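Overview (structure and organization)
Given next are the chains, with one letter for each unit.
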Amino acid sequence: MAFRTLLVLLVAHLWLGLARAETPPHAPAGEIELPLSEEQIRAAGIEISPIESERATGELVVPGVVVAPPTQIRVVAAPAAGLVETLLVAPDEEIKEGAPVAQLKSSELVEAQRAFLHAVSDADLAREKLRRDEQLFKERIIAERRLLVTRAETVQAESALDERRQLLALDGMDSDEIEALRRSRKLASALLVRAPVSGIVLQRHGSAGERVPASAPLVTIARLDPIWVNLQIPVGRETPLQIGQSVILPSLGVRGRLIRVGRTVDAATQSIAAVAEFQATKNLLRPGQAVQAILVVGGAGEPQWRIQADSVVTHHDQHFVFARDASGFRAVPVVLVAETPQYASIRGALKSGDRIATRGILTLLAELAAKEK
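Residues numbered from 1 in each chain as written. Predicted model: local features only at pLDDT ≥ 70, side-chain atom pairs only at ≥ 80, totals over all residues. Heavy atoms only, no water.

The name an unreviewed UniProt entry assigns to the protein is Efflux transporter periplasmic adaptor subunit, from the organism Methylocystis bryophila.

Have a look at this one:
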């Protein structure tokens, strides 16, 4: 029994010794040593430069497209089937709530008006009958049962009238037009479609002379204050982003804030959708406009370094830089905080005075891939 225990301890001791021998003592966890001689470094054309310390803020430059917020878009549809006589607005025109946008001729509207006037007559007749029966009941000429029946008929007639009034409202007639119809009893075949909100006409869907069914879109109206910019954030760059941080459109000189960062990745572009909100000042932002946005990102007290943008490589969805050391280079995993076409801001296991590769990166990347295999 004692011999077996001694044998187990001996095997464990040998295994720990081998594990220590396989891990270089100078390579921290996550870093990968890439031994290269001076001759190999010169032959590969590898150049190095020192890293620069910077404040824990940076800039991330991304493309974006201006859009109207979905909650501020209204599609004005034909309230009834009919013929579009004319469209009274043009794209990009600013209109006020209640302004006419189109005129329709509709046989359905004529039928709805006729049914409404019939319901008006039935309701008037029912009210008159109820008034007469209440008087007869007071004089004890009719029984109470007849009065109850008359009251029920009056309620039904009033309900039918209210239903017809609401159907006319759904067909696009406002309360003044419905009241005018009730007084004059003149049917109108033409219907003015009015804007439900104030805003800008983004698009006209129909055309004059076209027959459209009920609920067919005629125009799209949007309120453009505030306005959104849909941003495309490369995968892996969304980590430092926070809701509420500043977003700048340098070409227009306007500043907004980040209000949403997506959770899914576009398979075609390998980017994450984010949304920035801006106040519509001087009408500088127009839906469909392509812009370049700068996101101002910051850190939480961690050391941050500024290097040339070409010094950062991506391998297996992880960003690396190649730091010079006594045996050659070591691949250091880093977090890419911000990037411009010239420079990148990173965080990682680096220290002041470290020098990283700025040219010959492909050779080091090939060494990294071979090392992992």
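It is worth spelling out the packing of aromatic side chains at this point. For the coordinates displayed, the defined rule picks out zero aromatic pairs. Over the ring of Y343 we find R306; its NZ or CZ atom is 3.6 Å from the centre of that ring. R324 extends its terminal NZ or CZ atom over the ring of F329, reaching a point 5.4 Å from the ring centre. (Phe/Tyr/Trp six-rings, centres within 6.5 Å; stacked < 30°, edge-to-face > 60°. Lys NZ or Arg CZ within 6 Å of the ring centre and 35° of its normal.)

With antiparallel pairing, four strands are arranged side by side in an open sheet as β9-β8-β6-β11. Edge positions in the sheet fall to β9 (190–194) and β11 (211–212), since each of these pairs with one other strand and no more. Summarising the sheet, strand β8 (residues 100–105) and β9 pair through five bridges and their orientation is antiparallel. Bridge pairing in β9 places Q103 opposite L192. (Pairing = 2+ DSSP bridges. Helix = DSSP H or I, 4+ residues; strand = E, 2+ residues; numbered from the N terminus.)

Another point: the packing of helix α4 (residues 144–170) against helix α5 (residues 175–184). Relative to each other, α4 and α5 sit at 125°, their axes nearing to 10 Å. Judged on the interaxial angle alone, α5 and α4 are oblique. Relative to α5, α4 is oriented so that their crossing is right-handed. Of α5, the residues touching α4 (which contributes L161, R165, L168 and A169) are I178, L181 and R182. (Axes fitted to C-alpha atoms, helices over the stretch in contact; angles between N-to-C directions. Parallel < 35°, antiparallel > 145°, perpendicular 65-115°, else oblique. Left-handed = near helix turned anticlockwise from the far one by under 90°. Contact = heavy atoms within 4.5 Å.)

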